[in-house]
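Inside the fold
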Amino acid sequence: AQNVPNSDWEKKVTEYFKEKLKENNATNWVPSLNDVPVHYLKPNSLVKFRCMVQDMFDPEFYMGVYETVDPNTNARVLHFGKYRDVAECGPQQEIDLNSSQTVTSERQTFYCVPVPGESAWVKEISFLTGLMIFVLNRQFYAYISASQARVSPSTSYTPSRHKRSYEEDEDMDLHPSKQKEQHMGNSSGGDIHGCVEPKRLETEASAGHHLISPNCSPPLDLNFPLPGEKGPACLVKVYESWDSFKVNDVLEVYGILSVDPVLSIVNNEERDSSALDPMECMDTAEEQRVHSPPASLVPRIHVILAQKLQHINPLLPACLNEEESKTFVSNFMSELSPVRAELLGFLTHALLGDSLAAEYLILHLISTVYARRDVLPLGKFTVNLSGCPRNNIFTEHIYRIIQQLVPASYRLQMTIENMNHSRFIPHKDYAANRLVSGVLQLASNTSLVVDETQLEQGQLDTTGVHNVTALGNLITWQKVDYDFNYHQMEFPCNINVLITSEGRSLLPSDCQVHLQPQIIPPNMEEYMNSLLTAVLPSVLNKFRIYLSLLRLLDYSISDEVTKAVEEDFVEMRKNDPDSITADDLHRTLLVARFLSLSAGQTTLSRERWLRAKQLEALRKARLQQQKCVNGNEL
């Protein structure tokens, strides 16, 4: 209103919030849709959301500026339509659609879901960080809670409790201990070290991702890529620089929450009217239902600020390039060696005393695609851990351990049933005009554990063959070909794949490590549980920082070392031309790369090169030994 003649007011809004969010941990003060049930948040308040772009809808036109007129007095008022879904209009006012002041603007809508496979500890730490700031700054909290947002100290929700109105809830906001008593509930049966899986929205499905909407007769599919996922899906409306965001990007958005009930009424009326007169609306009923779901189930966020996230580990600074972050990194790197030693010991115990397999598992967990040369992804390091016991307990617990170490993961049980009936590849639904998600629509740096020990004899149907092919393409090329019916579209990805199997995997891999257990626990379940509960939370957090941080470090090889490696390779070829190939050189260089990074070194040294050769020799010798025992199985 103050800047009517000046069109720069929009930039001022963005700059204002950008500066405010830099002050005194202000980002932790903004209530998050990942943690707070939507009915605790005031409409039109500032919120944040950590999410993955699941789909991108068509651009949307809206009235950026519009004029209302009072029919009785003919008084005119100018309004701005940005950051809102419903036009502001008083009881005695009407919108003048023919006004010369009307300005039509454009915004882009993204359909966003919580990061698929996000670990419980990520959710818990993110929530506790905000809670800690709240405890330290109660006075400031009281101010913003009264004027702007509803932040609940607990993420749990008790369905039997009647909802309070915002006014009735005021006392709870200013006295959070009362609210905590009401909402914390029983935390038993949750994750280890207090990492209880936060319960989500009242309206979410308990067993899947279908919600019943009062305005839709069939269930509303929230289109989560992974089965059993929980959390809110949101329509994120971006006003500028939306070309920089694409499907599968992980974002943190700050914006205005819109959950106006009028949206549901309007959308319902649109469906009714289009049924009466199909010419009034080009969209199908299914498309309207998907693109305009009830705001109570799929809230809207009008973005003021949005940023792509390098990672989602709440223990690390969001951006490692800032000065404060550099101090954090240098401090952690100074104590890297004991952290690596402890992690190696922890994983050795998890892998039943096999220290070689533990070494390779560390290298796998810090691997990442750092570049692409033509179609070849550089840096991928898929490991096939063969020799796994054929029981569900071992592989399940290995996955549980990985889940405790990485920010996002998923265990894919490779059964005939899953292969034939699961939807791996996202496909375009033209009737609803949306991208229907699949299991392989994952965010970058997700750990995918493929459990091949579950595979039994059976027949793969057409879907099963397509799914296995898609898995193979993901591993080899780090891409998934999304199905657009008449053509396929390549979506590059960066997924860490670990395959557990009895013999050699049916799927391709960069490195096969055969497990040689040194310990055979009489009770596997008890052994694995005791291993998880024995590690201190502070040590576990160091492991998490270690694995996330090393993925983000730069790495290089000097000309001198490159020349030495080439000479070494030529010498090895002379001694045994049949056993050393170009693939062996590439794999050894990868092992050397991740071995160096695992020790905190960003360049390759002669010592690390020799150690990489030694590890590869031990791994190959073990495979050769197993081959002699089992014939041609390996």
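Residues numbered from 1 in each chain as written. Predicted model: local features only at pLDDT ≥ 70, side-chain atom pairs only at ≥ 80, totals over all residues. Heavy atoms only, no water.

**Focus on the sheet that holds strand β17 (residues 447–451)**
By way of backbone hydrogen bonds, the strands of a sheet pair with one another, either parallel or antiparallel. One open sheet accounts for 5 strands, arranged β14-β17-β20-β13-β21; its pairing is parallel. A single partner strand is all that each edge strand has here, and the edge strands are β14 (409–413) and β21 (511–514). Across the sheet, the mean angle separating the axes of adjacent strands is 20 degrees when strand polarity is ignored. Examined bridge by bridge, strand β13 (residues 383–386) and strand β20 (residues 496–500) share 3 bridges and lie parallel to one another. (Pairing = 2+ DSSP bridges. Helix = DSSP H or I, 4+ residues; strand = E, 2+ residues; numbered from the N terminus. Axes fitted to C-alpha atoms, helices over the stretch in contact; angles between N-to-C directions.)

**A look at helix α18 (residues 582–598)**
With 17 residues, α18 ought to run about 24 Å at 1.5 Å a step, and its terminal C-alpha atoms sit 24 Å apart, in line with that. Within α18, 12 of the 17 residues are buried, which leaves it mostly tucked inside the rest of the structure. Those residues of α18 that fall on the buried side of the exposure criterion are Asp584, Arg587, Thr588, Leu590, Val591, Ala592, Arg593, Phe594, Leu595, Ser596, Leu597 and Ser598. (Expected span 1.5 Å × (residues − 1). Buried < 20%, exposed > 50% of the residue type's maximum accessible area, 1.4 Å probe, protein only.)

**Brief notes about a nonpolar patch on the surface**
A cluster of nonpolar side chains, contributed by Val375, Leu376 and Trp477, occupies part of the molecular surface with about 280 Å² of accessible area. Take valine 375: it is sitting in the loop between β11 (371–373) and β12 (376–378). By relative accessible area, which is 60% here, valine 375 ends up exposed. (Patch = residues over 30% accessible without salt bridge, like charges linked within 9 Å, V, L, I, M, F, W, Y side chains within 5 Å. Areas by Shrake-Rupley, 256 points an atom, 1.4 Å probe, with all protein chains shown as cover. Salt bridge = Lys/Arg side-chain N within 4 Å of Asp/Glu carboxyl O.)

**Topic: the packing of helix α12 (residues 392–405) against helix α15 (residues 524–534)**
Helix-helix packing: each pair is described by the crossing angle between the helix axes and the interaxial distance. Put simply, α12 and α15 touch, their axes get as near as 10 Å, and they point 10 degrees apart. The orientation of α12 with respect to α15, classified from their angle, is roughly parallel. Packed against α12, whose contacting residues are Ile393, Phe394, His397, Ile398, Arg400, Ile401 and Gln404, the element α15 presents Met524, Glu525, Met528, Asn529, Leu531 and Leu532 at the interface. Of the residues contributing to the contact of α12 with α15, the split by class is 8 nonpolar, 3 polar and 2 charged. (Parallel < 35°, antiparallel > 145°, perpendicular 65-115°, else oblique. Contact = heavy atoms within 4.5 Å. Nonpolar A, V, L, I, M, F, W, Y, C, P; charged D, E, K, R; others polar.)

**A few points about the packing of aromatic side chains**
Taken as a whole and assessed by the stated rule, the structure comprises 9 aromatic pairs. Plain terms: the ring middles of phenylalanine 57 and tyrosine 111 are 6.1 Å apart, the flat faces sit at 35 degrees to each other, and that makes the pair tilted. Highlighted residues: phenylalanine 57 in the loop between β1 (46–56) and β2 (60–69) and tyrosine 111 in strand β5 (residues 103–113), separated in sequence by 54 residues. Residue classification places phenylalanine 57 among the buried residues on the basis of a relative accessible area of 7%. Between tyrosine 430 and tyrosine 486 the ring centres are 6.1 Å apart and the planes differ by 40 degrees, which places this aromatic pair in the tilted class. In this pair, tyrosine 430 sits in the loop between β15 (427–429) and β16 (434–436) while tyrosine 486 sits in the loop between β18 (479–483) and β19 (488–492), placing the two residues 56 residues apart along the sequence. Overall, the relative accessible area of 41% leaves tyrosine 430 in the partly exposed class. Judged by its relative accessible area of 75%, tyrosine 486 falls in the exposed class. Connected via pairs of aromatic rings, a cluster forms that spans Tyr62, Tyr83 and Tyr239. Directly above the aromatic system of tyrosine 62 lies the positively charged group of arginine 107, at a separation of 4.4 Å from the ring centroid. One Lys or Arg, arginine 593, reaches over the ring of tyrosine 370 and ends 3.6 Å from the middle of that ring. (Phe/Tyr/Trp six-rings, centres within 6.5 Å; stacked < 30°, edge-to-face > 60°. Lys NZ or Arg CZ within 6 Å of the ring centre and 35° of its normal.)

**Looking at α12**
If you check α12, its first and last C-alpha atoms are 20 Å apart, about what 14 residues at 1.5 Å a residue would give, namely 20 Å. Within α12 the residues assigned to the buried category are Phe394, Thr395, His397, Ile398, Tyr399, Ile401, Ile402, Gln404 and Leu405.

**Quick notes on the confidence of the model for the chain**
Chain-level pLDDT for the chain is 83 on average; 80% of the residues reach the 70-or-more range. Counting interchain partners and residues more than four positions distant, the pLDDT-below-50 stretch residues 212–217 has 10 contacts. Scored below 50 in pLDDT, residues 273–280 makes 3 contacts in the model with residues more than four places away or belonging to other chains. (pLDDT = per-residue confidence, 0-100.)

**Examining unusual backbone geometry**
We note that serine 241 has phi near 55 degrees; this positive angle belongs to a residue other than glycine. In this fold, serine 241 is placed in the loop between β8 (234–238) and β9 (250–258). Note on serine 241: relative accessible area 55%, which makes it exposed. Despite not being glycine, leucine 352 shows a phi value in the positive range, around 60 degrees.

**Points about the pattern of salt bridges**
For the coordinates displayed, the defined rule picks out 30 salt bridges. With its nearest N and O atoms 3.6 Å apart, the salt bridge here joins lysine 22 to glutamate 19. Look at lysine 22 and you get exposed, because its relative accessible area is 60%. The residue arginine 611 makes a salt bridge to glutamate 359 at a minimum N-O spacing of 3.4 Å. Of this pair, arginine 611 sits in helix α19 (residues 606–630) while glutamate 359 sits in helix α11 (residues 355–365), and the two are 252 residues apart along the sequence.

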